[in-house]
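Single-letter residue listing:
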Amino acid sequence: MSDAPDAPDAPDAPDASALEELTAAASAAQAKAHCPYSNYPVGAAIRTTSGEVFAGCNVENAAYPEGTCAEAGAIAAMVLAGEREIAEVVVVTGGTTPGTPCGGCRQRLREFAGPDVVVTAISEGATLQITMAELLPNSFGPEFLE
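Our subject in this report is the structure included herewith. (Residues numbered from 1 in each chain as written. Predicted model: local features only at pLDDT ≥ 70, side-chain atom pairs only at ≥ 80, totals over all residues. Heavy atoms only, no water.)

Next up on the list: the side chain of E71. Structurally, E71 can be placed in helix α2 (residues 70-80). Setting aside chain neighbours within four positions, we find E71 in contact with A44, I46, V91, P101 and C105. (Helix = DSSP H or I, 4+ residues; strand = E, 2+ residues; numbered from the N terminus. Contact = heavy atoms within 4.5 Å.)

See the structure below:
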């Protein structure tokens, strides 16, 4: 019997075929991104607890603060369809380092995703899997307003 403390649990790896489906949806959205200023296309795909998939891409604007993130687009499509609970997220970016959601999108995701939801960030040749709790520690969510 060991007296060593248990190692923290790693995020549960999403099912391979489900991850492939979300990655394909995020990649297809990334291909449609409107990013003439940053040249940094982003695609995001969300799977809800009902199994539905929603995707979004970043849409930049000449008035920079008026652009929208890929995650925000996917969340808007999800809400429009009447869904409210995120089970899994994939974000696809270019470059060699996976791009995780920005601070605002972390909070947007947290509105609909619990702490154990896995966010997979994929770039050219690298993948990062992280839970919402790791991505946005000590977060503020809707349960604080009940």
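Text resumes after the structure shown.
Bringing a nonpolar patch on the surface into the picture now. A cluster of nonpolar side chains, namely F140, F144 and L145, defines an oily patch on the protein surface of about 370 Å² accessible area. Position of L145 among the secondary structure elements: in the segment after α4 (132-135). (Patch = residues over 30% accessible without salt bridge, like charges linked within 9 Å, V, L, I, M, F, W, Y side chains within 5 Å. Areas by Shrake-Rupley, 256 points an atom, 1.4 Å probe, with all protein chains shown as cover. Salt bridge = Lys/Arg side-chain N within 4 Å of Asp/Glu carboxyl O.)

Our focus in this paragraph is unusual backbone geometry. In this structure, N39 takes a positive phi of about 55° despite not being glycine. Relative to the helices and strands, N39 is located in the loop between α1 (16-30) and β1 (43-48). On the basis of relative accessibility, which here comes to 62%, the residue N39 falls in the exposed class. In this structure, N138 is a non-glycine residue whose phi angle is positive, near 55°. Mapped onto the secondary structure, N138 falls in the segment after α4. (Buried < 20%, exposed > 50% of the residue type's maximum accessible area, 1.4 Å probe, protein only.)

With that settled, consider the environment of A29. With respect to the helices, strands and loops of the structure, A29 is situated in helix α1. A29 gets classed as buried once you look at its relative accessible area, which sits at 10%. What A29 contacts, discounting residues up to four positions off in sequence, is G43, A44, A55, G56 and C57.

Turning our attention to the layout of surface pockets. Over the atoms a probe the size of a water molecule is rolled, and this reveals where empty space is left. Size it by volume and the largest pocket reaches roughly 230 Å³. Around the largest pocket, the lining is made up of 16 residues, and of these Y40, V42, N58, C69 and E71 lie nearest the centre. Taken together, the residues of the lining of the largest pocket break down into eight nonpolar, six polar and two charged. (1 Å grid on protein atoms, 1.4 Å probe; cavity = no way out; pocket = protein on both sides within 12 Å on 5 of 7 lines; lining within 4 Å. Points joined across faces, edges and corners; volume = space filled by probe spheres on them. Nonpolar A, V, L, I, M, F, W, Y, C, P; charged D, E, K, R; others polar.)

Turning our eyes to something else, we now look at the packing of α2 against helix α3 (residues 103-112). Between α2 and α3, the shortest axis-to-axis distance is 9 Å and the interhelical angle comes to 25°. As judged from the angle between their axes, α2 and α3 are roughly parallel. Classified by chirality, the crossing of α3 by α2 is left-handed. Across from E71, A72, I75, M78 and V79 in α2, the residues of α3 making contact are C105, R108, L109 and F112. Each residue belonging to the contact of α2 with α3 can be placed in one class, and the counts come to seven nonpolar, no polar and two charged. (Axes fitted to C-alpha atoms, helices over the stretch in contact; angles between N-to-C directions. Parallel < 35°, antiparallel > 145°, perpendicular 65-115°, else oblique. Left-handed = near helix turned anticlockwise from the far one by under 90°.)

Quick look at the pattern of salt bridges now. Scanning the entire structure with this criterion turns up three salt bridges. For the salt bridge of R47 with E21, the shortest nitrogen-to-oxygen distance reads 3.0 Å. Taken together, the residues R47 in strand β1 and E21 in helix α1 connect sequence positions 26 residues apart. According to the relative accessible area criterion, R47 is buried, its value standing at 11%. As a salt-bridge pair, R110 and E143 come within 2.4 Å of each other at their nearest N and O atoms. Residue R110 is found in helix α3, and its partner E143 is found in the segment after α4; the two are separated by 33 residues along the sequence. Exposure remark for R110: the relative accessible area of 9% places this residue in the buried category. Residues joined in a network through salt bridges with shared partners are E21, R47 and E88.

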